[in-house]
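Breakdown of the fold
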Amino acid sequence: MGLGVGWTLHGDGRTPAPGAVVRPEERLSWPRTAGLGAQHVVAMFGASFVAPVLMGLDPNLAIMMSGIATVIFLLATRGRVPSYLGCSLSFVGVAAAIRAGGGDSAVVTGAVFVVGVALFLAGLAVQRFGARIIHTAMPPIVTGAVVMLIGFNLAPVTASTYWPQDQWTALLTMLFTGFAVVCLRGFWSRIAIFLGLVFGYAISWLFDLLFGKIHSTVGGEAAVDHWRLDLSAVAKADWIGLPSFHGPSFEWSAILIALPVVIALIAENAGHIKAVGEMTGDPLDDKLGTAIAADGAASMLSTAVGGPPNTTYSENIGVMAATRVYSTAAYWAAAGFALLFGLCPKFGAVVAAIPGGVLGGITVILYGMIGLLGAQIWVNGRVDLRNPLNLVPAAAGIIIGVGGVKLQITDSFELGGIALGTIVVIGGYHALRYFAPAHLKPQEPLLDAGTSAYDDGGAAEDKPR
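Let us look at the structure shown here. (Residues numbered from 1 in each chain as written. Predicted model: local features only at pLDDT ≥ 70, side-chain atom pairs only at ≥ 80, totals over all residues. Heavy atoms only, no water.)

1. Here we look at the overall build of the protein
- Tallying secondary structure elements over the protein gives 20 helices and eight strands in all.
- Of all 465 residues assigned to the protein, the portion counted as buried reaches 54%.
- Restricting to contacts in the protein with at least 6 residues of sequence separation, those with at least 24 account for 79%.
- Total accessible area on the protein stands at roughly 18,900 Å², and carbon and sulfur atoms take up 67% of it. (Helix = DSSP H or I, 4+ residues; strand = E, 2+ residues; numbered from the N terminus. Buried < 20%, exposed > 50% of the residue type's maximum accessible area, 1.4 Å probe, protein only. Contact = heavy atoms within 4.5 Å. Areas by Shrake-Rupley, 256 points an atom, 1.4 Å probe, with all protein chains shown as cover.)

Next up, the structure:
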């Protein structure tokens, strides 16, 4: 079986005919393919910039490993699934919780490495037994609740860490980003987060010029006088160099916090595989297990060297929907560009200099959207919240996860927040379902509607990872 790297030229290699699509095994001319690859890189920049910064990891390494992860994914799926794998925002809350408990970057990547292992094994299980095993263990009520509590658990991070650094910049950035997400069209809507970052940079620079230094907290520390936009590290950074690598460290408490995210990643992969299959006209159900396993393997490799985990990006699926070019050659080009960016420390220094107020404005929207993806899963799965079997475990788990409720097991071990909330949702649902009367146990719909939807015109509904 081929590796999906032999493409045939589509038409004259220039512009697809009206109504025609460029299939995954086809390509346009190499200059146009490279241009499409650059467009895919820009589309994923916003979230891939923000995620490693919020997780406290090296953005250069994150971009580099996203390119490598994309290559692994394309090879594993034999070129049938055109997708870009970028840094997953689903782990931002996990990283914040682990660091709040005293964990460092090695502990964060160690916990996420285990999630990658779990995702890889889940993919193998789907390959062996079919998608039904996932749907049985994690019906939409469970998956939606876990995604919701993961997203809303992040609210205190914005409120106490980023927003107070510069509330007016945060407010303006939030308003502009919201406008970009809702009102812009086509490609510009795909890079709304990136545009929000650029706007926030400009506002921070302008405020420094007009008002001088600001007196506020920095990263939750005591209030000090500081510049909103500090580019001193950019001038010192080299143009060419390797990112910083480090090995993972494993602690059970951190692993238990991180493991629930595997549920969100499975749901995300299922939604993206379905969406891409519908767009290309090639049913990809047989590739769901492979895609999940490839995502897990790529995340294992990235976290093993100190990078963040990766997942498929809906922004890039949106670019395909807008251009009707599904060629995997464009993703190979995008992966190449990502590798080059990863070798530029000056680029990473620019990313690391994102002002706290800018992150405050963007994360208000991002974190809320992550949480509301859980509600979208409920809607797609037609979950009936009037049914107490659905309502009770979801309600209890979400409050525990969002509120940071803790359960002290021993003097040195406790469960709380995301981990305890997930256990309550999954364990509570299946336990209650076992004892519930028959009329409360309708057949659950399959989790194949995913978390993305596309209209007839080919425009995608963007969402964060």
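From this point, the discussion proceeds with the structure in view.
2. Considering the nonpolar core
- Residues Met55, Ile98, Ile266, Tyr367 and Trp378 are the most contacted members of the largest nonpolar core, which totals 98 residues.
- For this core, the element with the highest residue contribution is helix α13 (residues 261–280), accounting for eleven residues.
- Excluding anything up to four places from it in sequence, Tyr367 contacts Leu54, Val92, Gly151, Phe152, Leu154, Val157, Thr158 and Tyr162.
- Counting residues in each nonpolar core, the second largest holds five residues, with Val22, Leu28, Leu36 and Val325 among its members. (Core = buried A, V, L, I, M, F, W, Y, C linked by side-chain atoms within 4.5 Å.)

3. Concerning the pattern of salt bridges
- As enumerated under the stated definition, the model contains five salt bridges in all.
- Arg23 is paired through a salt bridge with Glu25; the nearest N and O atoms lie 3.1 Å apart.
- Assessed through its relative accessible area of 27%, Arg23 is described here as partly exposed.
- In this structure, the salt-bridge partner of Asp166 is Arg228, at a minimum N-O distance of 3.1 Å. Taken together, the residues span a long stretch of sequence, with Asp166 in the loop between α7 (155–162) and α8 (167–183) and Arg228 in the loop between β5 (224–226) and α11 (232–236) at a distance of 62 residues. Neither residue differs from the other here; Asp166 and Arg228 are each classed as buried.
- One salt-bridge network, held together by shared partners, links Asp166, Asp208 and Arg228. (Salt bridge = Lys/Arg side-chain N within 4 Å of Asp/Glu carboxyl O.)

4. With respect to the packing of aromatic side chains
- Enumeration according to the criterion identifies five aromatic pairs in this entry.
- With a centroid separation of 4.3 Å and an interplanar angle of 5 degrees, the aromatic rings of Phe176 and Phe199 are classed as stacked. You can see Phe176 sitting in helix α8 and its partner Phe199 sitting in helix α10 (residues 192–211), a full 23 residues away along the chain.
- Taking relative accessible area as the criterion, Phe199 reaches 24% and is therefore assigned partly exposed.
- Geometrically, the ring pair formed by Phe207 and Phe211 is edge-to-face, given 5.5 Å between the ring centres and 65 degrees between the ring planes. Of this pair, Phe207 and Phe211 are both found in helix α10, four residues apart, which corresponds to roughly one turn of the helix.
- For Phe211, a relative accessible area of 58% gives the class exposed.
- The positively charged end of Lys346 is found above the aromatic ring belonging to Trp239, 5.2 Å away from the centroid. (Phe/Tyr/Trp six-rings, centres within 6.5 Å; stacked < 30°, edge-to-face > 60°. Lys NZ or Arg CZ within 6 Å of the ring centre and 35° of its normal.)

5. With respect to helix α3 (residues 92–100)
- Within the span of α3, buried status applies to Val92, Gly93, Val94, Ala95 and Ile98.
- In the stretch just after α3, Gly102 is the one whose phi turns positive, near 100 degrees.

6. Focus: the side chain of Ser302
- Summarising the element assignment, Ser302 is placed in helix α14 (residues 288–304).
- Setting aside anything within four residues of it in sequence, one finds Ser302 in contact with Met65, Gly307, Pro308 and Asn310.

7. Let's talk about a nonpolar patch on the surface
- A cluster of nonpolar side chains, namely Trp205, Leu206, Leu209, Leu210 and Phe211, defines an oily patch on the protein surface of about 570 Å² accessible area.
- When you line up the elements, Leu206 lands in helix α10.
- The class for Leu206 is partly exposed, based on a relative accessible area of 32%. (Patch = residues over 30% accessible without salt bridge, like charges linked within 9 Å, V, L, I, M, F, W, Y side chains within 5 Å.)

8. Things to note about the environment of Leu229
- Note that Leu229 resides in the loop between β5 and α11.
- The exposure class assigned to Leu229 is buried, which follows from its relative accessible area of 13%.
- Measuring from C-alpha to C-alpha, the distance between Leu229 and Gly357 comes to 9.6 Å, with 128 residues separating the pair along the chain.
- Excluding anything up to four places from it in sequence, Leu229 contacts Tyr201, Ser204, Trp205, Asp208, Ala353 and Pro355.

9. A few points about the packing of helix α6 (residues 140–152) against helix α20 (residues 417–435)
- Relative orientation of the contacting elements α6 and α20 amounts to 165 degrees, with a least axis distance of 10 Å. In terms of orientation, α6 lies roughly antiparallel with respect to α20. Here α6 and α20 pass one another in a crossing that is right-handed. Across the interface between the two elements, Ile141, Val142, Ala145, Val146, Leu149 and Ile150 from α6 touch Ile418, Gly421, Thr422, Val425, Ile426 and Tyr429 from α20.
- Considered class by class, the residues forming the contact of α6 with α20 number ten nonpolar, two polar and no charged. (Axes fitted to C-alpha atoms, helices over the stretch in contact; angles between N-to-C directions. Parallel < 35°, antiparallel > 145°, perpendicular 65-115°, else oblique. Left-handed = near helix turned anticlockwise from the far one by under 90°. Nonpolar A, V, L, I, M, F, W, Y, C, P; charged D, E, K, R; others polar.)

10. Overview of the layout of surface pockets
- There is about 400 Å³ of room inside the second largest pocket.
- If you go around the second largest pocket, you meet 21 residues; those closest to its centre are Gln165, Val218, Ile354, Pro355 and Gly356.
- Per-element tally for the lining of the second largest pocket: the top contributor is helix α18 (residues 356–380), with three residues.
- Tallied by class, the residues present in the lining of the second largest pocket amount to twelve nonpolar, six polar and three charged. (1 Å grid on protein atoms, 1.4 Å probe; cavity = no way out; pocket = protein on both sides within 12 Å on 5 of 7 lines; lining within 4 Å. Points joined across faces, edges and corners; volume = space filled by probe spheres on them.)

11. Quick word on unusual backbone geometry
- Positioned with a positive phi, Arg78 is a non-glycine residue whose angle comes to about 55 degrees.
- Examined against the element boundaries, Arg78 turns out to sit in the loop between α2 (59–76) and β3 (85–87).
- Owing to a relative accessible area of 31%, Arg78 belongs among the partly exposed residues under this scheme.

12. Considering the packing of helix α19 (residues 388–403) against α20
- Two elements in contact, α19 and α20, have axes whose closest approach is 7 Å; the angle formed by their N-to-C orientations is 170 degrees. By the criterion of interaxial angle, the relationship of α19 to α20 is roughly antiparallel. Judged by the sense of rotation from one axis to the other, the crossing of α19 with α20 is right-handed. Residue-level inspection shows Leu389, Asn390, Val392, Pro393, Ala394, Ala396, Gly397, Ile400 and Gly401 of α19 in contact with α20, the latter providing Gly417, Ile418, Leu420, Gly421, Val424, Val425, Gly428, Tyr429, Leu432 and Arg433.
- Of the residues contributing to the contact of α19 with α20, the split by class is twelve nonpolar, six polar and one charged.

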